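Summary of structural features
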Amino acid sequence: MAEKDKACDKDLPEAALVPSEQLKFINRFTVTRADACISCGMCASLCPYGVHKRIEGHARILPPDDRRCIGPSCEVNYFFCVANCPTNSLSVGTSETFISMGDPRWTSEMILATWAQSETGRPLPLDHPGNIGASGGGFDRLHFRLPEPKAKFDPDEICTAIDLNRRGSGPMIRIPIPIYGGGMSFGSVSLYTMLARAKAAKKWKTFTCTGEGGYPEALVPYKDNVITQVATGLFGVREETIQRTKIVEFKYAQGAKPGLGGHLLHDKNTPEVARMREAVPYTSLFSPFPFHSVYSVEDHKKHLDWASAINPTALMSVKVSTPNDVEMVSVGSYYAGAHIVHLDGGYGGTGAAPEIAKKNIAMPIEYAIPKVHKFLLNEGIRDQVTLLASGGLRTAMDVAKTIALGADGAVTGTADLVALGCVRCGNCESGRGCPRGIATTDPILDKLIDADWGAERISNLYNSWRLQWCDLLSRFGMTDIAELRGRTDLLRHADKPAKGGGK
């Protein structure tokens, strides 16, 4: 590709404030006032944050505005309301709403930080607690050796684009950010959620993926930014859906449930979903684990050749989980004709993925990426393959870590849903599905998501992430995200902070 064609796209979307009426501000702390309070107004006169307010002429002080409270850390201040209350009526504790949100992988802090990024498009500081979870493993144990911030950087001077076709022939597709949206099928999520992701992908000139539930007609206007997935169930796979796309993704396995296939509960298989999947409404739908027509690299190549015959201009992506021989699978995929090798780890998945599968099957993605990267290097084909990783990548820093481990970019999914208001309650695969209208096909619940509103929030999240990547690259003296690939020397593991890793 000519250098002029590899220029980094400067015409990127700008962030706009997208507040949410649905997402009420969640306070981190609760201020409790006991009945012994005499409404003297001392707390209101001291607190500079406006937690307490006493209206002149009213007999009693107003209830505390918890949202403004900074918590127990205020006790070092002379104006700490609890210490100054003459009747000892005040106490400050952690909000039960705050601590009940999320899980160890998606902590309350991370969810709130993602919501803030989605509302404003502003980046998080690289050392913000919202960048890391509390799982005790995986990317939560990996950290960058962050240098001190340098002088103010210009994001326009830093390139975050990656190429999706590195073979030197065929359509050259370059996306301005090193991510695209992973497959989430119609049925597992609502049509409006799919539309929001497609609109955001179009705005950022990147992609989103249909998942295995077919290609709803409402996505056709965004076909240049929608990947058609072909999975083992072949739900909704038709010639026209392969012909209209720029990328065909063959999903051989999902990292969150390798060896198990897929399962859509009968409640979510509404008549519209069933029509798309050519199935009977309100029956449970299963997709088998393997493609029963693929048991060798030769079968694999025939598979890709079949799609190429239908759409000769489409790039071929192969999504696999991370078995012990994942490097051999990746090399085989390259020689079968894949442009993109997509490694899917086990930290992702919705509430439909069983925990026993996530925790006990296949290799952790942070081990699989460098293993495949180095093997492709040794085979002399690394620069002809676009290596992407997915599986529970939650933040801009997670994406940056995958690249430092050896990937070219990443595929994300749940972060988009959190931008739309997901609180990780885990009801995706239960009854009518998501009570917030995201992962549901219920005709009433899915109206809770407005596609245009959702697209703007996802777009803001991408903008925020890009600014974080620019900040990180600037600190390392880099101007292109490609320079970060394989730089494991910039990472340290929490268990070995002194020794670190080699390049």
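Quick note: structure is the one above.
Residues numbered from 1 in each chain as written. Predicted model: local features only at pLDDT ≥ 70, side-chain atom pairs only at ≥ 80, totals over all residues. Heavy atoms only, no water.

1. A look at the state of the cysteines
In protein structure, a disulfide is the covalent linkage between the sulfur atoms of two cysteines. For the structure shown, the criterion picks out zero disulfides. Cys81 provides the cysteine sulfur closest to Cys47, a residue in no disulfide bond, and the two sulfurs are 6.3 Å apart. Judged by relative accessible area, Cys47 falls into the buried class, the value being 15%. Between Cys85, a free cysteine, and Cys37, which holds the nearest cysteine sulfur, the sulfur-to-sulfur gap is 6.3 Å. (Disulfide = S-S within 2.5 Å. Buried < 20%, exposed > 50% of the residue type's maximum accessible area, 1.4 Å probe, protein only.)

2. So, the nonpolar core
Counting residues in each nonpolar core, the largest one holds 117 residues, and the members touching the most others are Phe144, Leu164, Tyr180, Phe250, Leu343, Trp469 and Leu484. No other element matches helix α14 (residues 451–475), which puts 10 residues into this core. Once residues within four sequence positions are removed from consideration, Phe250 is found in contact with Val230, Phe291, His303, Leu304, Trp306, Ala307, Met316, Ser317, Val318 and Lys319. Membership of the second largest hydrophobic core comes to 11 residues, among which are Cys43, Val51, Cys69 and Cys81. (Core = buried A, V, L, I, M, F, W, Y, C linked by side-chain atoms within 4.5 Å. Helix = DSSP H or I, 4+ residues; strand = E, 2+ residues; numbered from the N terminus. Contact = heavy atoms within 4.5 Å.)

3. Comments concerning the sheet that holds strand β9 (residues 247–251)
Pairing is parallel in the open sheet, where eight strands are placed in the order β6-β15-β14-β13-β12-β9-β8-β7. Each edge of the open sheet is held by one strand with a lone partner, namely β6 (179–181) and β7 (208–209). Pairing of strand β8 (residues 226–230) with β9, which is carried by three bridges, proceeds in the parallel orientation. Residue pairing for β9: Gln229 is matched across the bridge by Glu249. (Pairing = 2+ DSSP bridges.)

4. Considerations on the side chain of Arg382
By the element assignment, Arg382 lies in the loop between α11 (365–378) and β14 (386–390). In contact with Arg382, other than residues within four places in its own chain, are Arg166, His373, Leu376, Leu377, Leu387, Gly406, Ala407, Asp408 and Arg485.

5. Details of helix α5 (residues 191–203)
With 13 residues, α5 should cover 18 Å at 1.5 Å per step; its first-to-last C-alpha distance of 18 Å lies within 8% of that length. Those residues of α5 that sit buried are Thr193, Met194, Leu195, Ala196, Arg197, Ala198, Ala200 and Ala201. Just downstream of α5 lies Lys205, where phi reads positive at about 55°. (Expected span 1.5 Å × (residues − 1).)

6. Looking at the packing of aromatic side chains
In the structure shown here, the tally under the stated rule is 11 aromatic pairs. Aromatic pair Phe144 and Phe476: ring centres 5.9 Å apart, planes at 50°, arrangement tilted. With Phe144 in strand β3 (residues 142–144) and Phe476 in the loop between α14 and β16 (491–493), this pair connects stretches of sequence that are 332 residues apart. For the pair Phe144 and Phe476, a shared accessibility class is recorded, and that class is buried. For the ring pair Tyr334 and Tyr335, a centre distance of 4.9 Å and an interplane angle of 75° mean the geometry is edge-to-face. By relative accessible area, which is 8% here, Tyr334 ends up buried. In this structure Tyr335 comes out as partly exposed when scored by relative accessible area, which is 48%. By the ring-pair criterion, three or more aromatic residues cluster together here, those being Phe250, Tyr252, Phe291 and Trp306. Above the plane of the ring of Tyr215 lies Arg244, whose end atom (NZ or CZ) is 4.5 Å from the centre. (Phe/Tyr/Trp six-rings, centres within 6.5 Å; stacked < 30°, edge-to-face > 60°. Lys NZ or Arg CZ within 6 Å of the ring centre and 35° of its normal.)

7. A closer look at the environment of Asn165
Inspection of the secondary structure assignment puts Asn165 in the loop between β4 (162–163) and β5 (174–175). In this structure the C-alpha to C-alpha distance between Asn165 and Val385, which are 220 residues apart in sequence, comes to 7.3 Å. Those residues in contact with Asn165, other than ones at most four positions away along the chain, are Gly170, Pro171, Met172, Ile173, Leu315, His339 and Thr386. Here Ser169 takes part through its backbone oxygen, which lies 2.8 Å from a polar atom of the side chain of Asn165. A distance of 2.7 Å separates the side chain of Asn165 from the backbone oxygen of Pro171, its partner in a polar contact. (Polar contact = N/O pair within 3.5 Å; in protein donor to acceptor, adjacent residues only side chain to side chain.)

8. Regarding the pattern of salt bridges
Summed over the entire model, instances satisfying the criterion amount to 27 salt bridges. One salt bridge connects Arg457 with Glu119, and the closest N-O pair in it is separated by 3.7 Å. Highlighted residues: Arg457 in helix α14 and Glu119 in helix α4 (residues 108–120), separated in sequence by 338 residues. Look at Glu119 and you get partly exposed, because its relative accessible area is 22%. Taking the shortest distance from any N to any O, the salt bridge between Lys319 and Asp344 comes out at 3.9 Å. Here Lys319 is found in strand β12 (residues 315–320), whereas its partner Asp344 is found in strand β13 (residues 340–344), with 25 residues between them in sequence. This pair shows no difference in class: Lys319 is buried, exactly as Asp344 is. (Salt bridge = Lys/Arg side-chain N within 4 Å of Asp/Glu carboxyl O.)

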